[in-house]
Amino acid sequence: MADTSAYPSLIVVDHPLIRHKLTLLRRHDTPTSMFRMLMKEIGALLTLEATRTLPVEVVGVKTPVCGTQGWQLSEKPLVVPILRAGLGLADGVLSVLSEADVGHIGVYRDEETLHPVEYLVRLPPNVGGRPILVVDPMLATGCSGVHAIDVLIRHGARPESIVFMSLVSAPDGIAAMSLAFPSVRIVTAALDEGLNAQAYIVPGLGDAGDRLYGTLEIT
Ligand code: URA
C-alpha cells in the first residue's frame, strides 16, 4: 500500500469489513450483481467517516419515558455522484443518509486526451452553505473529481464543506485533488500503487462503471 503521510487531507478507512469487501470487489470474477451489492455496502460503511464532521445542533426530545437532549443535523446534506459509476456508491451513501438531497454531474473521460468531458449537471438550487459529499468509486487521475468540485464551487459550494469519497484512489488523483482544493477532505477505502498507460488504477478493480452495469466487452 502507498504511503499516505504526504496527503494531509486524505483519510484511508482500513476497517476490516471494508478491507474484506474491497478484496471481493477487486476480484476479476466477481459477478455484476455481487459487485453492485459490495459497492453499496462499502459506500454505506465509508459514509460514517465521510460524515464525521457534519454540523449538528442540540434539540429536545420526548421519549416515552421523559424529556431529554438530542441532536439533529443543522443542514441538509447534498450527495453528488459523478456519473456513471458514482451512482453505485451513492446508493450505499443514501442507504444511511436518507436525509440528503442528490445532485448529478455527468463526466466521461475522453479516451484519447484522457481529459474530462462534461455532459450533465443537475443540482438543487441551494448548493452553497451545505455539506456536500461528492462520490466516485475511482480517483484515478483526479480530472473528473477536480472538474466536478469546480462545478460545485461555481454553484456556490465552499471547498471546506466538501468531502470527496472514493473506493480506490491513486496517488496522482490524490495529488491533483489536494493541489486544486487543499481543504476538500478525501475519504477512500484504499490508496493503490499508481496508474497504467490507459490511466487505470493499478492494481485497482478495472472499469468500475462497466463492472457495475455489466457493460464490459467480452473479448
Ligand atoms: N475509472 C475506472 O473505472 N477504473 C480505473 O481504474 C480508473 C478510472
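About the cut-offs
- Residues numbered from 1 in each chain as written.
- Predicted model: local features only at pLDDT ≥ 70, side-chain atom pairs only at ≥ 80, totals over all residues.
- Heavy atoms only, no water.
- Near = heavy atom within 4 Å.
- Polar contact = N/O pair within 3.5 Å; in protein donor to acceptor, adjacent residues only side chain to side chain.
- Areas by Shrake-Rupley, 256 points an atom, 1.4 Å probe, with all protein chains shown as cover.
- Nonpolar A, V, L, I, M, F, W, Y, C, P; charged D, E, K, R; others polar.
- Helix = DSSP H or I, 4+ residues; strand = E, 2+ residues; numbered from the N terminus.
- Buried < 20%, exposed > 50% of the residue type's maximum accessible area, 1.4 Å probe, protein only.
- Contact = heavy atoms within 4.5 Å.
- Patch = residues over 30% accessible without salt bridge, like charges linked within 9 Å, V, L, I, M, F, W, Y side chains within 5 Å.
- Salt bridge = Lys/Arg side-chain N within 4 Å of Asp/Glu carboxyl O.
- Pairing = 2+ DSSP bridges.
- Core = buried A, V, L, I, M, F, W, Y, C linked by side-chain atoms within 4.5 Å.
- Expected span 1.5 Å × (residues − 1).
- Axes fitted to C-alpha atoms, helices over the stretch in contact; angles between N-to-C directions.
- Parallel < 35°, antiparallel > 145°, perpendicular 65-115°, else oblique.
- Left-handed = near helix turned anticlockwise from the far one by under 90°.
- Arc of directions from axis to C-beta.

**Considerations on the site of the ligand**
- Looking at the ligand, the residues that line it are Met-138, Ala-140, Ala-199, Tyr-200, Ile-201, Gly-206, Asp-207 and Ala-208.
- At 2.8 Å, a backbone N or O of Ile-201 approaches an oxygen atom of the ligand.
- Residue Ala-208 places a main-chain N or O atom 2.7 Å away from an oxygen atom belonging to the ligand.
- In the complex, the protein chains occlude 87% of the 240 Å² of accessible area that the ligand would expose alone.
- A per-class count over the shell around the ligand returns 6 nonpolar, 1 polar and 1 charged.

**Describing the environment of Phe-35**
- Within the secondary structure, Phe-35 is located in helix 2 (residues 32–50).
- Exposure remark for Phe-35: the relative accessible area of 0% places this residue in the buried category.
- In the structure, Phe-35 is positioned 11 residues away from Leu-24 in sequence and 8.1 Å away in space, judged by C-alpha atoms.
- If we skip the residues at most four places from it in the chain, Phe-35 touches Leu-25, Thr-30, Leu-205, Ala-208, Arg-211 and Leu-212.

**Some points on a nonpolar patch on the surface**
- A contiguous nonpolar patch, built from Val-56, Val-58, Trp-71 and Leu-73 and spanning about 400 Å² of accessible area, is present on the exposed surface.
- Put simply, the parts of the chain that give the nonpolar patch at least two residues each are strand 2 (56–62) and strand 3 (67–73).

**What to know about the pairing of strand 6 (residues 104–109)**
- As judged from the 2 bridges shared by strand 4 (residues 78–83) and strand 6, these two strands associate in the parallel manner. Among the inter-strand pairings, Leu-83 is bridged to a residue of strand 6, identified as Gly-106.
- Sheet topology note: the strand 6/strand 7 (residues 116–122) ladder contains 6 bridges and is antiparallel. Counterpart to Gly-106 in the pairing with strand 7 is Leu-120.
- Between the antiparallel neighbours strand 6 and strand 7 lie 6 residues, among them Leu-114 with a positive phi of about 65°.

**Observations concerning the pattern of salt bridges**
- Inspection of the entire model under this criterion finds 10 salt bridges.
- Where Lys-76 meets Asp-101, a salt bridge forms, and the shortest distance between an N and an O atom there is 2.9 Å. Taken as a pair, Lys-76 in the loop between strand 3 and strand 4 and Asp-101 in strand 5 (residues 101–102) lie far apart in primary sequence, 25 residues in all.
- For Asp-101, a relative accessible area of 21% translates into the label partly exposed.
- When salt bridges that share partners are traced, they join Lys-76, Asp-101 and Arg-130 into one network.

**Some details on the nonpolar core**
- Leu-25, Met-39, Ile-42, Leu-46, Val-135, Met-165 and Leu-167 are the most contacted members of the largest nonpolar core, which totals 34 residues.
- Tallying contributions element by element places helix 2 first for this core, with 6 residues.
- Discounting chain neighbours no more than four positions away, the residues touching Leu-167 are Leu-22, Leu-25, Met-39, Ile-42, Leu-46, Leu-89, Asp-136, Pro-137, Thr-188, Ala-189 and Ala-190.
- Listed in part, the 25 residues of the second largest apolar core include Leu-123, Ile-149, Ala-157 and Ile-174.

**Some words on helix 2**
- Compared with an ideal rise of 1.5 Å per residue, which puts 19 residues at 27 Å, helix 2 spans 26 Å between its outermost C-alpha atoms and is within 8% of the ideal.
- Along helix 2, the positions that sit buried rather than exposed are Phe-35, Leu-38, Met-39, Ile-42, Gly-43, Ala-44, Leu-46, Thr-47, Glu-49 and Ala-50.

**Overview of the packing of helix 4 (residues 143–154) against helix 5 (residues 171–180)**
- Following both chains from N to C, one finds helix 4 and helix 5 inclined at 25°, their axes separated by 9 Å at the closest point. Between helix 4 and helix 5, the interaxial angle falls into the category roughly parallel. As helix 4 runs across helix 5, the sense of the crossing is right-handed. Residue-level contacts link Gly-145, Val-146 and Ile-149 of helix 4 to Ala-176, Met-177 and Ala-180 of helix 5.
- Residue composition of the contact of helix 4 with helix 5, grouped by class: 5 nonpolar, 1 polar and no charged.

**What to know about helix 4**
- For helix 4, with 12 residues, the first-to-last C-alpha span of 16 Å sits near the 16 Å given by 1.5 Å per residue.
- Among the residues of helix 4, those classed as buried are Ser-144, Gly-145, Ala-148, Ile-149, Val-151 and Leu-152. Seen from one end, helix 4 has its buried residues packed into an arc of 155°, which puts them on one side.
- Those residues of helix 4 that are buried are in contact with strand 4, strand 6, strand 7, strand 8 (132–135), strand 10 (162–169) and helix 5.

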